[in-house]
Each structure stands twice: as C-alpha cells, then as structure tokens.
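A closer look at the structure
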Amino acid sequence: MSLLTPAMEALVAEFARLPGIGRKTALRLALHSLGHREEAAALAGALKRLAEECRFCKDCGNLSEEELCAVCSNPRRDAGLICVVESLPDLLAVERSGDYRGLYHILGGALSPLDGIGPRDLRIAELERRVAGGTVRELLLATNGTVEGDATALYLVERLRGADIAISRLARGVPMGGSLDFIDRLTLSRAIDGREKLQGPEG
Ligand SMILES: [Zn+2]
C-alpha cells in the first residue's frame with residue numbers, strides 16, 4: 001500500500017509515465033510541485049492548453065492550431081520541394097539552418113525492425129499521397145545519419161521508384177550517427193545546398 005496521499009500518488013503516477021522518468025524522479029517532481037504551487041498551476045494550465053489547442057498539420061505532421069501549419073499555408077514557400085525528416089526537432093533544425101524555402105514531411109521516426117518499427121508505423125503512405133498529388137518536384141531526404149535513418153532513406157527511394165520526381169539526400173557533411181538536431185546551422189545549411197541527387201525526375 002502506498003503511504004502517499006491519493007492526490008500525491010496520482011501525480012507521481014502521471015509523472016512516472018513520461019519518457020525517461022522513473023518513480024524516484026516522479027516523486028521528486030511531485031514534491032517540488034507541492035512546494036511551488038504557482039509554478040505547478042501554470043504547468044497544469046499549459047498542459048491543458050496544449051491538449052485543447054495543439055494538433056498536427058494534416059499534410060506535413062508539423063505542430064499546428066489549424067488544419068494546415070504555418071509552413072504549409074505560407075504561399076511564399078516552394079510547394080514543389082519537400083524535406084522529409086524523422087521528427088519535429090529535425091524540422092526545427094532545418095528551419096534554423098536559414099534558407100530552406102520548401103515544405104516538410106515528418107515521418108514520426110525511422111525504420112527499426114529491432115524496435116518493431118516498420119513502414120506502417122511511419123507517415124509513409126501520407127508522403128506517397130502527397131507525391132501522387134502532382135505538385136511535388138523534389139523530395140529531399142533529411143533523415144538522420146544513423147543506421148536507421150539511412151535505411152529509411154533507402155526504403156523511401158525504393159518505394160517511390162517510378163514516381164516522376166527528383167529524390168536527393170543531405171550531403172555528407174552530416175556526421176555519422178548524427179541527429180540533425182545536434183548539427184550546427186552552417187553545416188546543415190551546406191548539407192542542404194550540396195544535397196546529392198539519388199534519382200532524377202525521369203525515374
Ligand atoms: Zn504542414
């Protein structure tokens with residue numbers, strides 16, 4: 001039986017469900033919340049607002065409060081170029097690099113058979129639909145420089161073979177094993193500029 005009060009027990013249980021938080025840390029966070037009630041109320045409010053107002057863009061998977069995100073609904077972005085990334089932090093990294101003007105597609109991870117992550121667990125069918133829509137001219141594969149990221153890029157090239165678009169991969173300025181999130185701005189900007197074409201529009 002838990003010696004905690006029901007309210008404390010409930011909060012510890014919720015914290016402990018977060019990734020990377022064990023029960024010990026959860027208890028520490030819950031006690032901290034009890035000692036800092038204003039902060040805790042602000043946190044609760046922010047979480048509630050997130051749940052109510054934030055969703056994912058129907059096209060690219062970016063965060064949005066509307067059906068389409070700020071990038072997809074910006075008429076000045078090049079809708080013919082789509083940068084395919086694994087996750088939101090990677091999208092933010094490419095945006096930070098400065099001069100990318102195309103759209104994005106967030107896969108929601110990378111292929112990893114050992115972790116049981118297959119093509120159906122990623123937003124690959126959605127990507128195919130966007131390509132089939134006809135406005136896409138080039139896909140820039142910007143998955144991470146890991147074994148999984150490379151495997152995912154290769155898989156996408158295979159799967160989209162025959163589509164009448166160019167496919168390119170970030171240049172090898174991206175360190176092996178590197179996540180885009182940790183690459184400095186200039187290196188990423190150069191990797192985008194120097195991207196290698198894997199497939200021409202003729203297939
Ligand atoms: Zn979007």
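Residues numbered from 1 in each chain as written. Predicted model: local features only at pLDDT ≥ 70, side-chain atom pairs only at ≥ 80, totals over all residues.

A short note on the overall build of the protein
Inclusion rule: A helix here means a DSSP run of H or I that spans at least four residues, while a strand means a run of E at least two residues long, and both kinds are numbered starting from the N terminus. Contact between two residues is assigned when their C-beta atoms, built from the backbone, lie within 7 Å.
From N to C terminus, the protein includes seven helices and seven strands. When the helices and strands of the protein are placed in sequence order, the string is α-α-α-β-β-β-α-β-α-β-α-β-α-β. By principal-axis analysis of the C-alpha atoms, the protein measures approximately 70 × 40 × 35 Å. Of the contacts made within the protein by residues no fewer than 6 positions apart, 58% connect residues no fewer than 24 positions apart.

A short note on helix α6 (residues 147–159)
Keep this limit in mind: A helix's residues, less one, multiplied by 1.5 Å, set its expected span. With C-beta atoms placed from the backbone, a residue is labelled by how many other C-beta atoms lie within 10 Å of its own: buried for 20 or more, exposed for 12 or fewer, partly exposed between the two. The reported arc concerns the directions from the helix axis to the C-beta atoms and nothing else.
In this model, α6 (13 residues) spans 18 Å end to end at C-alpha, consistent with the 18 Å of a helix rising 1.5 Å per residue. G149, T152, A153 and L156 are the residues of α6 that are buried. Along the axis of α6, the buried positions cluster into a sector of 100°, meaning they face one direction only.

Describing the packing of helix α1 (residues 6–16) against helix α2 (residues 23–35)
So the rule is basically this: Inter-axis angles, ranging from 0 to 180 degrees, are taken between N-to-C directions of lines fitted to C-alpha atoms, where helices are fitted over the stretch in contact. Roughly parallel here means an angle under 35 degrees, roughly antiparallel means over 145, roughly perpendicular means 65 to 115, and every remaining angle is called oblique. If you view the pair so one helix is near and one far, a crossing is left-handed when the near helix is turned anticlockwise from the far one by less than a right angle, and right-handed when it is turned clockwise. Ten residues, namely Ala, Val, Leu, Ile, Met, Phe, Trp, Tyr, Cys and Pro, are considered nonpolar, four, namely Asp, Glu, Lys and Arg, are considered charged, and the remaining ones, Gly among them, are considered polar.
As a packed pair, α1 and α2 sit with axes 8 Å apart at the nearest point and diverge in direction by 125°. Accordingly, the angle class assigned to the pair α1 and α2 is oblique. When you trace α1 past α2, the crossing you get is right-handed. Mapping the contact onto sequence places M8, L11, V12, F15 and A16 in α1 and R23, A26, L27, L29, A30 and S33 in α2. The residue inventory of the contact of α1 with α2, partitioned by class, reads nine nonpolar, one polar and one charged.

Considerations on the sheet that holds strand β7 (residues 196–199)
Using the following cut-off: A pair of strands counts as paired when DSSP detects no fewer than two bridges linking them.
Spatial ordering of the open sheet is given by β4-β3-β5-β6-β7, a layout of five strands whose pairing is mixed. The two strands at the open ends of the sheet, each matched to only one other strand, are β4 (102–106) and β7. Each adjacent strand pair in this sheet contributes to an overall mean axis angle of 30°, direction not counted. Note that strand β3 (residues 78–85) and strand β5 (residues 138–141) share four bridges and pair parallel. Counterpart to L81 in the pairing with β5 is E138.

With respect to the nonpolar core
The condition that has to hold: The nonpolar core criterion groups buried Ala, Val, Leu, Ile, Met, Phe, Trp, Tyr and Cys residues into a set whenever they are joined through C-beta atoms within 7 Å.
Core analysis: the biggest nonpolar cluster contains 36 residues, and C83, V84, V85, V94 and A142 have the highest contact counts within it. For this core, the secondary-structure elements that each account for two or more residues are β3, α4 (88–96), β4, α5 (124–132), β5, α6, β6 (166–169) and α7 (185–193). A per-element tally of this core places β3 first, with four residues.

A short note on the confidence of the model for the protein
Close reading of the predicted structure is inappropriate where its pLDDT is low. Our working definition: Scored between 0 and 100, pLDDT is the confidence that the predictor attaches to each residue.
On average, residues of the protein score 91 in pLDDT, and 95% of them are at 70 or above. Taken element by element, the protein is modelled with least confidence in α7, mean pLDDT 81, and with most confidence in β4, mean pLDDT 98.

Observations regarding the domain arrangement of the protein
Just so we agree on the cut-off: Marked domain ranges trace back to an automatic or database domain assignment.
Considered domain by domain, the protein is made up of domain 1 (6–53) and domain 2 (63–199). When each unit is reduced to the centre of its C-alpha atoms, the spacing between domain 1 and domain 2 is 34 Å.

Notes on α4
Along an α-helix, a turn takes 3.6 residues, which lines up residues three or four apart on a common side. Along α4, the positions that sit buried rather than exposed are D90, L91, A93 and V94. The buried side chains of α4 occupy one side of the element, clustering within an arc of 160° when seen end-on. Looking at the packing, one finds that the buried side of α4 touches β3, β4 and α7. A positive phi of about 115° marks G98, the residue just after α4.

Quick notes on the environment of R23
Within the secondary structure, R23 sits in helix α2. Residue R23 is classed as exposed on the basis of its C-beta count, with 11 C-beta atoms lying within 10 Å. Look past the residues within four positions of R23 in its chain and what remains in contact with it is V12 and A16.

A short note on the pairing of β3
Let me state the cut-off plainly: A clockwise course of the path from the first strand over the helix to the second, judged with the strands pointing away from the viewer, identifies a crossover as right-handed.
Direction of pairing for β3 relative to β4: parallel, over a ladder of five bridges. Bridged to V84 within β4 is H105. Of the crossover connections in this fold, the one passing from β3 over α4 to the parallel β4 is right-handed.

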